[in-house]
Structures are given as structure tokens and as C-alpha cells.
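# Chain and residue survey
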Amino acid sequence: MIKFSEKQLKIPKLMRPVYLATVGMSKFDRAFPETRTEELCIDALTAASDFVNMTPAELKSYIHTCYYGHFADHFGDQLLGEAVIHDRLGLDPLGTIGVKTGGATGGSAMWEAVKAVASGYSDCALALGWERMDEVPTDEGNHLISCAADKDWETPLGHIYTGYYAVMAQRYWKIFGKEEESFRKTMAEVAVKNRGYARMNPHAHGPMKITVDDVINSPIVAAPLRALDCCLMSVGAACGIVCDEKTAYEITNNPLRIYIAAGSHTLRVADRRNMKIPLLPNEKPGQYDNLAKEFPGADRYPGFTGFLAARMAAWYAYRMAGVVDPTDDLDVVELHDAFTISDIQTYEDIGIRPYGQGRDYIESGDAYVINPNTNKPGALPSNPSGGLIGCMHAVGATGLMQIAEIGYHIWNRWDEIHEPQEKWDAFGREKPSDWTSLQVKDANRGLAISHAGVGSHVTCTILMNPNKLLKED
Amino acid sequence: MPKTDDEKGYVDVVNGRYKPRGTFHVIEKNQPIFNKDTGKLAGVTNPRDMTYIHSYGGEAIFFESLGKGKLMASRCDNEKCDSKGSIFEPFRIYCPDCLRKAKPVDITEKARKTAKIHSFIITERSGAFNTLPKPIKFVNVEFDEEVVTILMSVLSVGEPEIGKKIIPIFRTKSPTYTIMDLMFVAEGTKESDLPDGFTF
């Protein structure tokens, strides 16, 4: 049984308010055979300077420390790749550090940057992440990813990370999905939604106009997961710049408040010991007493059906930011949809729906920009970027792309980033004739979940319009 | 093409240090990468033959025991620890709560009597360097309530199903001294149906 002390459950406190001043991202694709990583990183930082009408040199003049998210040295065959990028960005001799937390690397890089500003060490910090996943053959890439599992106990078993991850999907599918055909369709709806949203995103590398049947009939990867249930393997870069209040308002007229917290859980999915469910502010004591009766087999928590790291990241972040109910208090979310089923699991871990009822978030239409059941705005749109399934999963950049996308909605500048024909042309991508704005109207608060593997690390970032805070400092 | 014995690298421990012998890092020339459409140079390949050397430390007893047909786990026996009596499989050298050394315990019989499938997945895919036949049937194995964790392994014979009783098998002939020396089979499997080199 895992137990926490009171000290471990302290609500994290930023010693001064921290603001997100600007963000940027490169094009994302499966491969860039004729582009060096530094070119993609410079694209991302240049996009961030363009966004606040500065030159890159002007924006760089504010940066005091740098936090780089780059998960896999062995993909790029370059140790200290962060130092290479830091040099190429012309940011020497500023202090810098590399952050590596698997799929959560981007979020973790931002976690470090925010803490640097909150502590007063820096007034302006850069969080920039990237991944280079195209420079080894795909099966060697799968081997390298499997090295993020325990190399003695798991990696030799097939050298395929999906195998260690999908056992959770299988368990969730049996226990909470009850192996129902209707649940399988709901899983597929996640893929249809996210790949469809990616069609409106020129940065996205996996846009597709598909149906539920296309997903259900796509090749099996590891049952019940099929090819179209799975996220992309991408290359690209993204960044965000965080500041104290004074510096933020020197860079832009409308910075966003940023809160961020992190959680963790065992690297080995098999090593999960039982514990009581840590309750979020919108859950009540005793709420889950009958969970195992309603869903036979759900007697273990987190078992294989939940991500404790995601639950704890939300547990801390909601209390930091004053979020009580995410559906009521937030306007848009970007979640880590590595697989359709893990996306549904996350709805429960972060309290959008209670445990066992994640599917309702999709089936109700709440997760859509426009609710397909009512043709009215969805209650809490999820992944308008296309997410990891439709937009990209360039590991070190993913969490920062999500934060950028949430920012664009709250700044009410989503169209400006995703609509211009010039960008579609520059990226060599065809803008769909039915291109539609996915700007979430009147968005004031949003959340991004950055998540590693079977849940070893998760960060929960909350962005808010500073005039719409939920809690006094 | 598998390497011959002369082309292989070996490592011993002598006087407390690693002593490599044999052949390591066979050199292979890099090759240019050209864009076939433009004829321009895009980059180069960097082939490399690496051998990592790795210590099992306090887990060595687990990996050595597999080849002897034994499944070792570890148990916290610290009277002052809330987790006293908890058995860890995967084996943990130290109790994660009190950080006192956990005691190695043989759970072979417990596994034979109580192992069942907690979850599973069947996949046709694998990464480079995989040696398992496909499809691979991953299983997560739960034991009785004394064992507080769940073990990941592979089902070698039989079809996986949640709750299904399974039996451990061990590579006792030419063991690899890795987790690949342990697999599971469905209850009732005959010894003659086990993969080469494995026994109950």
C-alpha cells in the first residue's frame, strides 16, 4: 500500500506569479531528411518571436536561463544535444540544463522553467523541446523506445514498448470497457476526432478524414489497439517563454498566467502496489467504494486501469490554480492521447469524468469543439490540435506543443496560427477546402497533460487569462 | 549473419574489474545518403556495433536462479516497516518503503500454485533485436496476496485470458541469464510442448 505523508501532499506554491509570454513551434513530420534539428528549433523560437512582433535577437535579450526537453540522446546519437542546440540558438553563455522524462519531457522542461521564474532565479526562462526520431530504422527506433522500460525485466521481451503499455489498455478494455462493441466505437471516435482536427492544423503530420469503421478495420498493433488508435512518431520542435509579471508585460500586452505540477509512478507497469484513490476537488469521500461492484476487477488502484502520475499531477495543479471541476472551470484541454484508450483513461485520472465513466466524455459530445449531438459548442473541447494521434508526438516537443496550442485558444489567436494559406504553402501541405476554425470561443482557461509511457512522469499545466483567475495569489 | 565464436566479445570480472576478451566493435564503413530526386547529398549513415556491459548487482541471484529452475523474489522482513511481509516480484533489492535490504525468497512453488494472468496483450510487432517468435503474447502475472506487485512475462504455450491459471517454465538448458529464461505456459501444458531448452 502506498501512503503519503502530509508533507508530501503540500500544495505546491509559486513564490511569485509566473506568466507565459509567447510560444512557437516548427512544422512536424515523420522525417526531415534534409533538415538539421537546430533548424527546427530555430523555427520554433523564431515563431515565438514573430508571435510577439519581435526579432529573435530582441526576444533572446530577455532570456536568462534555458530548459531543454530532449528525451532520447540515443535517437540522435548525440550526447549533450542540448548544448548543441543552445549554441546554435546563440544563447551561450547563459545557464542551461537538459530535461528527460520520456513522453512528459516537454511538460517537464516547462515545469523547470516555471520554477526558475517563480523562485526569482530568472525573470525570463526559455523552455524548448525537440525530438529526432527519423534517424534510425523504425524497428531500431522501437528498440530504442523500449529502452525506456526496465532494461532487465521488460526490454528483452520483444523490444517493443507497445507491448508493455497495451496490457493496460487490455485491462481497461475488459474492466471498464466491458469489451463492449459500443466502447470500441467510442475509442475509435477519439481517433476520428483527433485526426480530423489535425486536418485544420498545417503543423500536423497525421491529418486524416476517417470514419469509425476505418479505425476498427485498420491493422491490429496489439489488440484491442489498431494502427489508427496509436499516436504518431514525429520530428519537430516547440517552445514557450515564461516570465515574471514585469518582464512578461514588457514582451506582450497579454501574457497568460501559468501553473504547473508533476506526478510520477513506477517505470515498470507491473510494479504497481495498491493504494486508496487520491480524490480530486470534484470527488467525494466514499465515491469509489462500490467501483469494484460496478466494474468487477476494478478492486486494485491504480492497477492497470489508471495513471497515478496523472492523478497526482492534477491533484497538485488543481489545488494550486483553484480548479474545482475541470469541465466547469476550464474551456479547452490538450491531453496526451498516445493511444485512444489511454486518452479515455486520462479523462478519469484528471477528473473530467469519474473512474469507470471516461467514455461518456466522448459519447456526450463534451470533448468536441462543436458537440456533434447538439451542434453547440462542446463543454470542454479536447485536442483541437489533433493531439499525438493527429498532430505529432516528437517526444521532447510534445508537451510544449500542447501548451502552445492551449495558449493560442486563450489568446484568441488560434486562427492566425492555423489558417494562413502562406503557412500551408511553406510547409508543402494542402489546405483542405473545408478548412474550419477550431478556435474555442471565449476561452479563458485551459490545461495540458504531458505524459510519459506507462505513467512514470506526468505534468499538468494550467493556463489562464490573468483577468479570469480562480484563486487569489 | 550471426557472429562466429571468434567474432564475439566476452567479459569476465577479474580482481574486481571488468576484463573484456574476444572481439568488440567490428568496424563498418559509413555510407552517403543522397536525395534520389535532386541528386544532392542529404547526410551519411553511421553504423556501429556496440556491446554494453551491465551489472545485475543485488538482482544477480534472481537471474542466476532462473537457469536452475527457481523463481526468486524478495521480501521485506523489517519489523519497523509498514510493508513487512510484502513480497516483491519483480525482485527489489531494497524495500521501497524502509530502504532496508529485502530478503531473497524462493517463490517457485507459490508461482506454480497461484500464478494467473492479470492482463495480457498479443502483438505481431517487435523492435530490432527481438528474439521471441511472433505473435508475442505478453502476460502480466499476479500471484497470491503476499506478492504485492505484478510480474511481466511472456506466455509461451496456450492462449492468454484474464484470470487464467498459468505455470512458470525455465530455460535450464543453455540459460541466457536474462529475463528471457523465464516464461509461462497455460496450466496443463505437457513438458514435450515446451520451447527448446525449457523445463518446468
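Owing to the predicted nature of the structure, the values given are computational and were not obtained by experimental measurement.

## Focus: the overall build of chain B
A count of helices and strands for chain B gives two helices and 13 strands. Its C-alpha atoms give chain B a radius of gyration of 21 Å, clearly above 16 Å, the size a compact globule of 200 residues would have. The buried share of chain B, taken over its 200 residues, is 40%. Considering only contacts in chain B between residues 6 or more positions apart, those separated by 24 or more positions represent 49%. For chain B, the accessible surface area stands at approximately 11700 Å², while carbon and sulfur atoms represent 50% of it. For chain B, the separation between the mean place of its 30 positive charges and that of its 28 negative charges on side chains is 4 Å.

## Overview of the packing of helix 8 (residues 181–198) of chain A against helix 14 (residues 340–349) of chain A
Residue and element names in this part refer to chain A. At a minimum axis distance of 8 Å, the contact between helix 8 and helix 14 shows a crossing angle of 95°. Considering the angle they form, helix 8 stands roughly perpendicular to helix 14. On helix 14, the residues touching Phe 183, Thr 186, Met 187, Val 190 and Ala 191 of helix 8 are Thr 340, Ile 341, Asp 343, Ile 344 and Tyr 347.

## Description of the nonpolar core
A general trend in soluble globular proteins is that nonpolar side chains are found buried together. Residues and elements named next belong to chain A. Residues Met 110, Val 242, Leu 447 and Ile 462 are the most contacted members of the largest nonpolar core, which totals 162 residues. With 12 residues, the top contributor of residues to this core is helix 12 (residues 308–321). Setting aside its immediate chain neighbours within four residues, Met 110 contacts Leu 20, Ala 127, Gly 240, Val 242, Ile 258, Ile 260, Leu 400 and Ile 403. Residues Phe 32, Ile 85, Cys 124 and Ile 251 belong to the second largest nonpolar core, which totals 28 residues.

## As for the sheet that holds strand 7 (residues 103–106) of chain B
All names here are of chain B. The three strands are arranged 6-5-7 in an open sheet whose pairing can be described as antiparallel. Sheet topology places strand 6 (87–88) and strand 7 at the edges, where each strand pairs with a single neighbour. One ladder, built from four bridges, connects strand 5 (residues 72–75) with strand 7; its direction is antiparallel. Looking at strand 7, one finds that Ala 73 is bridged to Val 105.

## Describing the pattern of salt bridges
A side chain of one charge can pair with a side chain of the opposite charge when the charged atoms of the two come close. Evaluation of the coordinates by the stated rule reveals 41 salt bridges over all chains. Here A:Asp77 ties to B:Arg48 by a salt bridge, and the two come within 2.8 Å at their closest N and O atoms. Of this pair, A:Asp77 sits in the loop between helix 3 (73–76) and helix 4 (81–88) while B:Arg48 sits in the loop between strand 4 (41–44) and helix 1 (60–66), each in a different chain. The class for A:Asp77 is partly exposed, based on a relative accessible area of 44%.

## Quick look at the pairing of strand 4 (residues 124–131) of chain A
Residues and elements named next belong to chain A. Of all eight residues making up strand 4, eight are buried, and the element is well covered by its neighbours. Taking every second residue as pointing to the same face, both faces of strand 4 are buried, with Cys 124, Leu 126, Leu 128 and Trp 130 on one and Ala 125, Ala 127, Gly 129 and Glu 131 on the other. Note that strand 4 and strand 7 (residues 236–243) share eight bridges and pair antiparallel. Within the sheet, the bridge partner assigned to Glu 131 lies in strand 7 and is Gly 236.

## Some details on the interface of chain B and chain A
Listed by partner, the interface residues are 46 residues for chain B and 36 residues for chain A. Summing both sides of the interface, chain B and chain A together bury roughly 3700 Å²; the carbon and sulfur share of this comes to 59%. Summed over the shared surface of chain B and chain A, the result is four salt bridges. Where the side of chain B that touches chain A is concerned, the elements lending two or more residues are helix 1, strand 8 (116–123), strand 9 (136–142) and strand 10 (151–157) of chain B. With six residues, strand 8 of chain B is the largest single contributor of residues to the side of chain B that touches chain A. Residue classes in the side of chain B that touches chain A are distributed as 24 nonpolar, 13 polar and nine charged.

## Quick notes on unusual backbone geometry
All names here are of chain A. The omega torsion of the bond from Asp 92 to Pro 93 falls at 10°, within 30 degrees of zero and hence cis. Among the secondary structure elements, Pro 93 is positioned in the loop between helix 4 and strand 3 (95–99). Here the bond from Ala 223 into Pro 224 is cis, since omega is 10°, no more than 30 degrees from zero. If you trace the backbone, Pro 224 turns up in the loop between strand 5 (220–222) and strand 6 (225–226).

## Re helix 7 (residues 161–175) of chain A
Side chains of residues three or four places apart in an α-helix project in the same direction, reflecting 3.6 residues per turn. A rise of 1.5 Å per residue sets the reference length of helix 7 of chain A, with its 15 residues, at 21 Å; its end C-alpha atoms lie 22 Å apart and thus fit the reference within 8%. For helix 7 of chain A, a buried count of 14 out of 15 residues is recorded, marking the element as mostly surrounded by other parts of the structure.

## Some points on the side chain of A:Thr155
Residues and elements named next belong to chain A. Its location among the elements puts Thr 155 in the loop between helix 6 (138–146) and helix 7. Judged by relative accessible area, which is 4%, Thr 155 ranks as buried. Here the side chain of Thr 155 touches Ser 146 through a polar contact of 2.8 Å, landing on its backbone oxygen. Sequence-distant contacts of Thr 155, defined by excluding residues within four places in its chain, comprise Ser 146, Cys 147, Ala 149, Asp 150 and Tyr 164.

## Structural notes on a nonpolar patch on the surface
All names here are of chain B. A cluster of nonpolar side chains, Val 11, Val 13, Tyr 18 and Ile 53, forms an exposed patch at the surface whose accessible area comes to about 350 Å². Note on placement: Ile 53 falls in the loop between strand 4 and helix 1. Since its relative accessible area comes to 40%, Ile 53 is described here as partly exposed.

## As for the packing of aromatic side chains
Throughout the structure, instances matching the rule amount to 22 aromatic pairs over all chains. For the pair A:Tyr164 and B:Phe138, a centre-to-centre distance of 5.7 Å together with 80° between the ring planes defines the contact as edge-to-face. With one member in each of two chains, A:Tyr164 in helix 7 and B:Phe138 in strand 9 form a pair that bridges those chains. Judged by relative accessible area, A:Tyr164 falls into the buried class, the value being 1%. Each member of the aromatic cluster is reached from another via a ring pair, and the members are A:Tyr161, A:Tyr164, A:Tyr165, A:Phe307, A:Phe339 and B:Phe138. The residue whose ring lies beneath A:Arg319 is A:Trp315, and the NZ or CZ to ring-centre distance is 4.0 Å. Sitting over the ring of A:Trp435, A:Lys431 keeps its end group 5.1 Å from the ring centre.

## Thoughts on the pairing of strand 11 (residues 166–171) of chain B
Residues and elements named next belong to chain B. With six of six residues buried, strand 11 lies mostly within the body of the structure. Residues Ile 166, Pro 168 and Phe 170 of strand 11 are buried on one face, and the alternating residues Ile 167, Ile 169 and Arg 171, pointing to the opposite face, are buried as well. Strand direction decides the pairing type here: strand 11 and strand 12 (residues 182–186), joined by five bridges, are antiparallel. Residue pairing across strands places Pro 168 opposite Phe 184, the latter belonging to strand 12.

## Looking at the environment of B:Ser86
Residues and elements named next belong to chain B. Mapped onto the elements of the fold, Ser 86 is located in the loop between strand 5 and strand 6. Exposure remark for Ser 86: the relative accessible area of 13% places this residue in the buried category. For the pair Ser 86 and Cys 76, spaced 10 residues apart in sequence, the C-alpha separation works out to 5.8 Å. Ignoring sequence-local partners within four residues, the contact set of Ser 86 consists of Ser 74, Arg 75, Cys 76, Glu 146 and Val 148.

What counts and how
- Residues numbered from 1 in each chain as written.
- Chains lettered and ligands numbered in written order.
- Predicted model: local features only at pLDDT ≥ 70, side-chain atom pairs only at ≥ 80, totals over all residues.
- Heavy atoms only, no water.
- Helix = DSSP H or I, 4+ residues; strand = E, 2+ residues; numbered from the N terminus.
- Rg over C-alpha atoms; globule rule 2.2 N^0.38 Å.
- Buried < 20%, exposed > 50% of the residue type's maximum accessible area, 1.4 Å probe, protein only.
- Contact = heavy atoms within 4.5 Å.
- Areas by Shrake-Rupley, 256 points an atom, 1.4 Å probe, with all protein chains shown as cover.
- Lys, Arg positive; Asp, Glu negative; His and termini not counted.
- Charge placed at Lys NZ, Arg CZ, Asp CG, Glu CD.
- Axes fitted to C-alpha atoms, helices over the stretch in contact; angles between N-to-C directions.
- Parallel < 35°, antiparallel > 145°, perpendicular 65-115°, else oblique.
- Core = buried A, V, L, I, M, F, W, Y, C linked by side-chain atoms within 4.5 Å.
- Pairing = 2+ DSSP bridges.
- Salt bridge = Lys/Arg side-chain N within 4 Å of Asp/Glu carboxyl O.
- Buried area = accessible area lost by both parts, 1.4 Å probe.
- Nonpolar A, V, L, I, M, F, W, Y, C, P; charged D, E, K, R; others polar.
- Expected span 1.5 Å × (residues − 1).
- Polar contact = N/O pair within 3.5 Å; in protein donor to acceptor, adjacent residues only side chain to side chain.
- Patch = residues over 30% accessible without salt bridge, like charges linked within 9 Å, V, L, I, M, F, W, Y side chains within 5 Å.
- Phe/Tyr/Trp six-rings, centres within 6.5 Å; stacked < 30°, edge-to-face > 60°.
- Lys NZ or Arg CZ within 6 Å of the ring centre and 35° of its normal.

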